Amino acid sequence: MSAPNYRRILLKLSGEALLGDEEYGIDPRIIARIASEISEVARSGVEVAVVIGGGNIFRGAGLAESGIDRVTGDHMGMLATVMNSLALQDALESIECTARVMSAISIHDVCEDYIRRRAVRHLQKGRVVICAGGTGNPFFTTDTAAALRAIEIGADLLLKATKVDGIYSADPKLDPTAQFFDHVSYDEVIEKKLKVMDANAIVLCRDQGMPIRVFNVFDEGSLFKLVRGESIGSRVGDNAH
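Residues numbered from 1 in each chain as written. Predicted model: local features only at pLDDT ≥ 70, side-chain atom pairs only at ≥ 80, totals over all residues. Heavy atoms only, no water.

**Remarks on the sheet that holds strand β5 (residues 128-132)**
What counts here: A pair of strands is labelled paired if DSSP reports no fewer than 2 bridges between them. A helix here means a DSSP run of H or I that spans at least four residues, while a strand means a run of E at least two residues long, and both kinds are numbered starting from the N terminus. In what follows, residue pairs with any heavy atoms lying within 4.5 Å of each other are defined as contacts. The angle between two axes is taken between their N-to-C directions and runs from 0 to 180 degrees, where each axis is a line fitted to C-alpha atoms and a helix contributes only its stretch in contact.
Pairing within the open sheet is mixed, and its 9 strands lie in the order β4-β3-β5-β2-β1-β6-β10-β11-β9. Across the chains shown, the open sheet's two edge strands, defined by having one partner strand only, are β4 (112-113) and β9 (183-184). Running at roughly 175° to strand β1 (residues 8-13), helix α5 (residues 142-152) makes contact with β1, β2 (47-52), β5 and β6 (157-162) of the sheet.

And the structure:
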């Protein structure tokens, strides 16, 4: 078996990815499969950090549209990411893969505070680090949190897990003529308004040279194949990676 191509990665999961066939909350079968794939990658020697969204429970922007104060809504969304992170930690530990939830907002009774040096130390010890609570600030998405954490911990690659095979010019489920992009630059993502990650996240990655790979989380085994160097999904970056 070939050695992994990456020493350390950060995986960005949307809250919606955990829904599966459920209308709300977490599908136990989906989170168990995702945990199994993360564990397989971690056991291969790759250091794995994860950022999970909270859209399957609460989304701050959506709550604001319904009349809730935006800051309050974003705080509720941050708490939703903690719930998802605890669920993933439990799923990982049930298959004997050690994990730590580290939150940008202090909730000492259920998880650790996010401290960069401590997060890196956990990674070096082979533990999966699940970064919860977004950036800890309102008005920032978990995409931006993922970009920030990937840069802070010195990840080699930011992996964005989606429901489609990569980056398209439009939603391929709604538009069969949508163009697939194997590779795009950071600026092209912004200029073409491609729905990869929000603009703040893309700018952060561009300025710090953090490569992004977008792939379908529902293609079983794709995460392991990616860390082995297979060309899966779409690549965002100015250099070959």
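**Things to note about empty space enclosed by the protein**
In plain terms, the rule: Put plainly, a pocket is an open set of points on a 1 Å grid over the protein atoms alone with protein on both sides within 12 Å along at least five of seven lines, a cavity is a set where a 1.4 Å probe fits but cannot get out, and a lining residue has an atom within 4 Å of a point. Grid points are joined across faces, edges and corners, and a volume is the space filled by probe spheres set on the points.
Following the criterion strictly, the structure yields 1 cavity of 30 Å³ or more and no others. There is about 70 Å³ of room inside the largest cavity. Looking at the largest cavity, the residues that line it are L11, L13, R33, I34, E37, F215, V217, S222 and L223. Looking at the lining of the largest cavity, the elements with two or more residues in it are β1, α1 (28-43) and α8 (222-227).

**What about the nonpolar core?**
Nonpolar side chains tend to gather and get buried jointly when the protein is soluble and globular. Our working definition: For this analysis, a nonpolar core means a set of buried residues of the types Ala, Val, Leu, Ile, Met, Phe, Trp, Tyr and Cys, connected via side-chain atoms within 4.5 Å. Three exposure classes are used, based on accessible area relative to the maximum for each residue type with a 1.4 Å probe and protein chains only: buried under 20%, partly exposed in between, and exposed over 50%.
The biggest cluster of nonpolar side chains holds 38 residues, and the ones touching the most others in it are I9, I38, V48, L88, L92 and V128. Those elements that provide at least two residues to this core are β1, α1, β2, α3 (70-93), β3 (99-103), β5, β6 and α8. A total of 7 residues in this core trace back to one element, the largest contributor, which is α1. In contact with V128, other than residues within four places in its own chain, are I38, A42, V48, V50, L92, C97, T98, A99 and R100. Counting 32 residues, the second-largest nonpolar core is a separate cluster that includes M102, M197, C205 and I212.

**A few points about the side chain of S234**
The line we're drawing: Distance and chemistry together define a polar contact, namely a pair of N or O atoms within 3.5 Å, with one atom able to donate a hydrogen and the other to accept it when in protein, and with adjacent residues in sequence counting only for side-chain atoms on both sides.
One can find S234 in strand β11 (residues 234-236). Polar side-chain contacts of S234 include one of 2.8 Å to the backbone nitrogen of I167. Residue contacts for S234: discarding those within four places in its chain leaves D165, G166, I167, F180, F181, D182, I212, R213 and V214.

**Focus: the pattern of salt bridges**
When their charged atoms lie close together, side chains carrying opposite charge are able to pair. So the rule is basically this: For this document, the term salt bridge refers to a Lys or Arg side-chain nitrogen within 4 Å of an Asp or Glu carboxyl oxygen.
Under the definition given, this model contains 13 salt bridges. For the salt bridge of R8 with E47, the shortest nitrogen-to-oxygen distance reads 2.6 Å. Linking R8 in strand β1 with E47 in strand β2, this pair joins segments that are 39 residues apart in sequence. What makes R8 buried here is its relative accessible area of 5%. For the salt bridge of R206 with D187, the shortest nitrogen-to-oxygen distance reads 2.9 Å. Taken together, the residues span a long stretch of sequence, with R206 in helix α7 (residues 199-208) and D187 in helix α6 (residues 186-191) at a distance of 19 residues. Here R206 falls in the partly exposed class, since its relative accessible area comes to 31%. According to the relative accessible area criterion, D187 is partly exposed, its value standing at 35%. One salt-bridge network, held together by shared partners, links K12, D143 and K160.

**As for the packing of α1 against α3**
Heads up, the rule is: Helix crossings are classified by the rotation of the near helix relative to the far one: an anticlockwise turn of less than a right angle makes the crossing left-handed, while a clockwise turn makes it right-handed. Residues are grouped as follows: Ala, Val, Leu, Ile, Met, Phe, Trp, Tyr, Cys and Pro are nonpolar; Asp, Glu, Lys and Arg are charged; all remaining types, including Gly, are polar.
Packing of α1 against α3 brings their axes to within 9 Å, and their N-to-C directions diverge by 65°. Crossing handedness for the pair α1 and α3: right-handed. Contacts from I31, A35, I38 and S39 of α1 reach α3 at N84, A87, L88, A91 and L92. Residue composition of the contact of α1 with α3, grouped by class: 7 nonpolar, 2 polar and no charged.

**What about helix α4 (residues 116-124)?**
The condition is simple: Directions pointing from the helix axis toward each C-beta atom define the arc.
Within α4, burial applies to A119, V120, H122 and L123. All buried residues of α4 lie within an arc of 155° about the axis, which places them on one face of the element. Next to the buried residues of α4 lie β1, β2, β3, β4 and β5. G126 lies just past α4 and shows a positive phi near 85°.

Worth remembering: the numbers are spatial, not functional.
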